Amino acid sequence: MIANLKDVLRAADAYSTPQLDALLIAANAAGARTDLPYPRARMQLRPLDSDEVWQVILPLDNPHSPFLLDEQGLRLGGEPVAELVGLENDDVVLTYLRAGGRSLTLNTHSRSICTGCLFCPNVLEDAADATLKTERQLADLLEWVQADNGWPDLSGVEVITVCTGCFQTPAAAIAHMVAVRRAAARYGFTGRLHLLSSVIRNRDDLEQLAGQTAPFHLTLTLECFTRRNLLLKDTKASLTLDDACRIMDDCADLGMQADFTYVAGLDPIDATVAGLRRLAGHATTFPRIQVFQAHNQYMRAARDAQAEPLEYYLQVRTEVEGAFAGRGLAPRSWENYRPLWYSSYAGGPVSGPRV
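Residues numbered from 1 in each chain as written. Predicted model: local features only at pLDDT ≥ 70, side-chain atom pairs only at ≥ 80, totals over all residues. Heavy atoms only, no water.

Quick word on empty space enclosed by the protein
And then number 1: Taken as a whole and judged by the stated rule, the model has three cavities of 30 Å³ or more.
And then number 2: By volume, the largest cavity amounts to about 100 Å³.
And then number 3: Together, Phe286, Pro287, Arg288, Ile289, Pro331, Arg332, Ser333, Glu335, Asn336, Pro339, Trp341 and Val350 line the largest cavity.
And then number 4: Split by residue class, the lining of the largest cavity holds seven nonpolar, two polar and three charged.
And then number 5: Space inside the second largest cavity adds up to approximately 70 Å³.
And then number 6: Lining the second largest cavity, in full, are Trp54, Gln55, Ser333, Asn336, Tyr337, Pro339, Trp341, Tyr342 and Arg354.
And then number 7: A class-by-class count of the residues in the lining of the second largest cavity yields five nonpolar, three polar and one charged. (1 Å grid on protein atoms, 1.4 Å probe; cavity = no way out; pocket = protein on both sides within 12 Å on 5 of 7 lines; lining within 4 Å. Points joined across faces, edges and corners; volume = space filled by probe spheres on them. Nonpolar A, V, L, I, M, F, W, Y, C, P; charged D, E, K, R; others polar.)

Below, the structure written as structure tokens:
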């Protein structure tokens, strides 16, 4: 992929990409070598040419990576490129905050037990989540979140996101989101509920969500466009691009936000560009596009052969800007910790906060 900082600078110049963005994309794609006792870690890095601290999650099991992580920072080809500000194991926790507390993520349906997609790190992460089924259980959790942060209520939270733990049926997903809405309302939450899922597909189900959980945001977990039966579990693989376009249109018609997840690096570049262009006219918020990360040799085999060089990711970045920027859709740093955009998007800055 790359060997040193000069390779990053060369690719960044070729695609008019800031050095910082190209460097962090390269680190996400390659992972790092380390003697630290983690297979995957959340960290805060301050690149040497930046005054800002960036949240990054890296796989740390690639013996061939040109990046080396130690207690001081990140090196590329032996050259320091970022200072390490903080580091922790990337475990699956029950809840965490983003956007300075304005966004609350819940793993209340045991995301850690969700398995089946070949490239997913869930099976490698230590689990500290659980399945909370009742409104009372959810209310207890939210009461703890409120107290732990010293908040008088949850009125300052703008969005609560549920990262699916593989809801097997639409009914189960809807019941959970209704329970989250009712539990959160007890503590003054009036913001948007957000669900990442592949099981909500029918308009009748969307109408239930619109009627009982609004305002609501659905992110379809598409992930890739080719080899879907090989790379994805059945409940995701059966979701087609035609389905996704129809579902997002139905969401817009019902006053709900909709987008999708996509992992850059699993498809050939032509399939990536064609799929993203097709979906662009149907999404109402910026999609969750992430850099593919391989956590072991088995997962590295899933990367498409064309996705080895850094230039692949910079080309995808350019194509996405062309498809989505004209529709007024743009990424936000705190929504994605392995994105294609850090400091700039379509010639303008990427809005923070960064964590």
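Read on, since the account is not over.
As for the packing of helix 9 (residues 269-280) against helix 11 (residues 310-324)
And then number 1: Relative to each other, helix 9 and helix 11 sit at 20°, their axes nearing to 10 Å. As summarised for this structure, helix 9 and helix 11 are arranged roughly parallel, according to the angle between their axes. Pair helix 9 / helix 11 crosses with right-handed handedness. Within the contact between the two elements, helix 9 uses Ile269, Thr272, Val273, Leu276, Arg277 and Ala280 and helix 11 uses Tyr312, Gln315, Val316, Glu319, Val320, Ala323 and Phe324.
And then number 2: When its residues are assigned to classes, the contact of helix 9 with helix 11 shows nine nonpolar, two polar and two charged. (Axes fitted to C-alpha atoms, helices over the stretch in contact; angles between N-to-C directions. Helix = DSSP H or I, 4+ residues; strand = E, 2+ residues; numbered from the N terminus. Parallel < 35°, antiparallel > 145°, perpendicular 65-115°, else oblique. Left-handed = near helix turned anticlockwise from the far one by under 90°. Contact = heavy atoms within 4.5 Å.)

Remarks on the sheet that holds strand 3 (residues 54-59)
And then number 1: A sheet is described by the order of its strands in space; here six strands give the open sequence 1-4-5-6-2-3, paired in mixed fashion. The sheet is open, and its two edges are formed by strand 1 (33-34) and strand 3, each paired on a single side.
And then number 2: Summarising the sheet, strand 1 and strand 4 (residues 67-69) pair through two bridges and their orientation is parallel. Along strand 4, the bridge assignment pairs Thr34 with Leu69.
And then number 3: Lying over the sheet, helix 2 (residues 19-30) contacts strand 2 (40-47), strand 3, strand 4, strand 5 (73-76) and strand 6 (79-89), oriented at roughly 30° with respect to strand 3. (Pairing = 2+ DSSP bridges.)

A short note on the environment of Phe216
And then number 1: Along the polypeptide, Phe216 turns up in strand 13 (residues 216-223).
And then number 2: For the pair Phe216 and Leu76, spaced 140 residues apart in the sequence, the C-alpha separation amounts to 42 Å.
And then number 3: Not counting the four nearest positions on each side in its chain, Phe216 is found in contact with Met177, Arg192, Leu193, Leu195, Leu209, Met256 and Gln257.

Brief notes about the packing of helix 8 (residues 241-253) against helix 9
And then number 1: Contact geometry of helix 8 with helix 9 gives a least axis separation of 10 Å together with a crossing angle of 25°. Our classification of the angle between helix 8 and helix 9 gives roughly parallel. Crossing angle aside, the handedness with which helix 8 passes helix 9 is right-handed. Of helix 9, the residues touching helix 8 (which contributes Leu241, Asp242, Ala244, Cys245 and Met248) are Gly275, Arg278 and Leu279.
And then number 2: Residues that form the contact of helix 8 with helix 9 fall into these classes: five nonpolar, one polar and two charged.

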